[in-house]
Amino acid sequence: MVNNNTNSNNNNLKDELEKVNNEIKELYENAKELKEKRNNANENVKEYKIKREEINKLVKEKIETIRKLKKERGDLLSEFKELRLNKDLISQKIQQLETIIETKCPSLEEERRLVAEIESYKKLLEKSEIIEDLNKKIMALSEEISKLVKKSAEEHKKVLENAKVSAESHQKLMELYTQINKLKEKSKELYNKLKNQE
C-alpha cells in the first residue's frame, strides 16, 4: 500500500515538475519576443533621433540664411527710409525726369545732371528689386522651415512612441524574469523532492 502511494506521489511530482518546466519554457519564449520588441523599438528610437537631428540641423542652417538675408535687406531698406522712397515713387521720379528731358529741351549741362539723376534712381530701382527678391527668398525659406519643424515634431513623436514601447517591453521583461526565477526555484524544489523519494 505504501509503495502505491509513493508511486502516486512520484507521478504527481513528475506532472507538477513537467508543468512548471513547460511554464518556464513558455515564459522564455515570451521573453524572447519582448526582447525583440524592445530591441526593435530601441533601434527605431535611434533612427528617428538621427532623422530629427538632421532636420533640426537643416532648420538651423535655413534660419541662419534668413538672418543673413534680413540683414542684407535691412541695409538696403535703411537707404530707402533715409530717402523716404519706395519702388513706385522711384519709378515716378524716373518718368518725370525723362519727361523733362524729352519735352523741355534742357541745356546740355542740365540734361547731363538730369541723366545722372535718372541713373541714380535706376540704381535705387535695381536695389528695390533686390529687396523684393530678398523678401521672396525669406518667405520661401520661412515656409520650408515651417514644414521642416512639422517634420521634426513628427520624428520626435515617433521617438517618444518607440521609447515608450521600449520602456514598457523592458518592464514586462523584468517581470517575466522574476517569474522565471521563481519557477526555476520551484522546479529545483520539485526535482529535489522527486530525487529524494526515489
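Anything mentioned here points back to the structure above.
Remember, predicted model here, so these are calculated numbers, not experimental data. Position numbers for residues start from 1 in each chain and track the written sequence from start to end. Side-chain atom pairs in this predicted model are given and counted only at pLDDT of 80 or more, local residue features only at pLDDT of at least 70, and totals for whole chains, interfaces and linings cover all residues. In computing side-chain values, all of the structure's heavy atoms are included and hydrogens and water are not.

Draft legend 1. Summary view of the environment of K19. Helical segments are the DSSP runs of H or I of at least four residues, strand segments are the runs of E of at least two, and each set is numbered from the N terminus. In this structure, K19 sits in helix α1 (residues 2-83). With 168 residues separating them in the primary sequence, K19 and S187 have C-alpha atoms 9.3 Å apart.

Draft legend 2. Spotlight on the pattern of salt bridges. Each salt bridge in this description consists of a side-chain nitrogen of Lys or Arg and a carboxyl oxygen of Asp or Glu lying within 4 Å of one another. Considering all chains together, one arrives at twelve salt bridges under this definition. Residue E43 is joined to K46 by a salt bridge in which the shortest nitrogen-to-oxygen separation is 3.4 Å. One end of the pair, E43, and the other, K46, are both in helix α1, three residues apart, so they sit about a helical turn from each other. The residue R113 makes a salt bridge to E117 at a minimum N-O spacing of 3.0 Å. Taken together, the residues span about one helical turn, with R113 and E117 both in helix α3 (residues 108-197) at a distance of four residues. When salt bridges with common partners are traced through the structure, they connect E110, R113 and E117 into a single cluster.

Draft legend 3. Region of interest: the nonpolar core. Buried Ala, Val, Leu, Ile, Met, Phe, Trp, Tyr and Cys residues that are joined via side-chain atoms within 4.5 Å together make up what is termed a nonpolar core. A 1.4 Å probe rolled over the protein chains alone gives each residue an accessible area, and that area as a share of the maximum for its type sets the label: buried under 20%, exposed over 50%, partly exposed in between. Core analysis: the biggest nonpolar cluster contains 22 residues, and F80, L85, I90, I94, Y121 and L124 have the highest contact counts within it. The set of elements that each furnish at least two residues to this core consists of α1, α2 (87-104) and α3. Broken down by element, the residue count for this core peaks at eleven residues, all from α3. Ignoring anything within four residues of it in the chain, the contact list for L85 reads F80, I90, Y121 and L124. With 13 residues, the next largest nonpolar core counts L17, I24, L176 and L190 among its residues. Only heavy atoms matter for contacts: two residues are in contact if any of them lie within 4.5 Å across the pair.

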